[in-house]
Amino acid sequence: MRKLIWIISVIFALWSGYWVIGAYKTEKTLLETLEKYKTLGWAIDFSKLKVRGFPNRFDTTIENLNIISPEDNIGWSTPYFQILSLSYKPNHLIAIWPKEHELKIANNILSIRNKKMQSSLIFKDLLFSEIDRIVLTTEDFQLLSLAKVILNTNALNIALRQDQLFDDAYEIGVSVKNFFLPSFTNVHSDTLNITPLTLGLSVKIHLSKKTNFSANSYQGLRLTEININQADLSSNLFAVMLKGNIDINQTGTPSGRIDIQIENLRELMLQAININLLASYDLDEIIKGLNFISKLSGDPKSLEFSIKIQEGKMFIGPIPVGQIPNIILQ
């Protein structure tokens, strides 16, 4: 019995030592990462940083965190932020956001509200040198600007993982269920007359080099190709489906082709009118024009056409319809 107690005591002491060292390294690594961003011009402040979770977890909580980019065009403010991990699997991190926090983009302050918002971040090794995949999940997610609802959805899910064949490519999936397009009305307005939508997106992006998304890995990084495997926007009234491929040169100028299929075009246009994205008097003219371009025959509800992108300019057949700005990461 004494021998068993002695063995258990030794194991407990070793594990306790491992946890203390691991907690110290976790806190030290996070503080060093924040300092590294500070040297790059980021403004970062917080009131408290603490690692808890003995004996089986490394749970880091940062309180009153404020982050502002060097150009002062991106910022994030949150009452707390948590990074959780199992002590025997430290390369798998779980991030927990509060129910309300703020995001600054340019001169706009966006409020984020949610019932639940968390993400899973998995690294390929214990050195945190290479990301394997990232998953973000939310419930009852709202994005607001002042009194305007930008996005209101039951569930928003985003996933990113490194491609199995190309080290410089990443697969991105997005799923948004029962959401509404920007309402152009205040937060308390009735949205029952607007049809809820569902979005499914699957794309692969190719970068100019392999990256680990660290503070100093963005230099010289740019998009070189976007493969749209699937992009579906649908409701109980209409559906829009996209597929295509876009190449991006060194200056960020896109070229490529996007194939578009629309079911129940008139219902789509009516919904656009309902949220003031389209003037009602434009409806018939737009439908006539698209029908003529796509050379539809027999089914006025469906529409199939392709958009060709050549050096940033968009064409439907020989007709120019607009221009895409350069796509630059930095």
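Below, the structure is looked at part by part. (Residues numbered from 1 in each chain as written. Predicted model: local features only at pLDDT ≥ 70, side-chain atom pairs only at ≥ 80, totals over all residues. Heavy atoms only, no water.)

**What to know about the pattern of salt bridges**
Opposite charge on two side chains permits pairing when their charged atoms draw close.
Right, so step 1: Across all of its chains, the model carries eight salt bridges by this definition.
Right, so step 2: With its nearest N and O atoms 3.0 Å apart, the salt bridge here joins aspartate 72 to lysine 104. With aspartate 72 in the loop between strand S3 (57-68) and strand S4 (74-86) and lysine 104 in strand S6 (residues 100-105), this pair connects stretches of sequence that are 32 residues apart.
Right, so step 3: The class of aspartate 72 is partly exposed, set by a relative accessible area of 39%.
Right, so step 4: With a shortest N-O distance of 2.7 Å, glutamate 171 and arginine 161 are connected by a salt bridge. Residue glutamate 171 is found in strand S11 (residues 169-180), and its partner arginine 161 is found in strand S10 (residues 148-162); the two are separated by 10 residues along the sequence.
Right, so step 5: Accessibility expressed as a relative area gives 24% for glutamate 171, which makes it partly exposed. (Salt bridge = Lys/Arg side-chain N within 4 Å of Asp/Glu carboxyl O. Helix = DSSP H or I, 4+ residues; strand = E, 2+ residues; numbered from the N terminus. Buried < 20%, exposed > 50% of the residue type's maximum accessible area, 1.4 Å probe, protein only.)

**A few points about the packing of aromatic side chains**
Centre-to-centre distance and the angle between the planes together describe a pair of aromatic rings.
Right, so step 1: With the rule as written, the count across this model stands at three aromatic pairs.
Right, so step 2: Grouped by ring-pair contacts, the aromatic residues Trp76, Phe81 and Trp97 constitute a single cluster. (Phe/Tyr/Trp six-rings, centres within 6.5 Å; stacked < 30°, edge-to-face > 60°.)

**Re the pairing of S4**
Right, so step 1: Pairing geometry for S3 and S4, over 11 bridges, is antiparallel. Looking at the pairing, aspartate 59 lines up with leucine 84 of S4.
Right, so step 2: In the sheet, S4 pairs with S6 via four bridges, with the strands oriented antiparallel. Note on S6: the bridge partner recorded for glycine 75 is lysine 104. (Pairing = 2+ DSSP bridges.)

**Considering the environment of leucine 233**
Right, so step 1: Here leucine 233 lies in strand S13 (residues 223-234).
Right, so step 2: Its relative accessible area of 22% is what places leucine 233 among the partly exposed residues.
Right, so step 3: As for leucine 233 and leucine 201, which are separated by 32 residues in sequence, their C-alpha atoms are 8.7 Å apart.
Right, so step 4: Discounting residues that sit within four places of it in the chain, leucine 233 has contacts with Phe179, Leu197, Thr198, Leu199, Phe238, Ala239 and Val240. (Contact = heavy atoms within 4.5 Å.)

It is worth stressing that arrangement in space is one thing and function is another; only the former is reported here.
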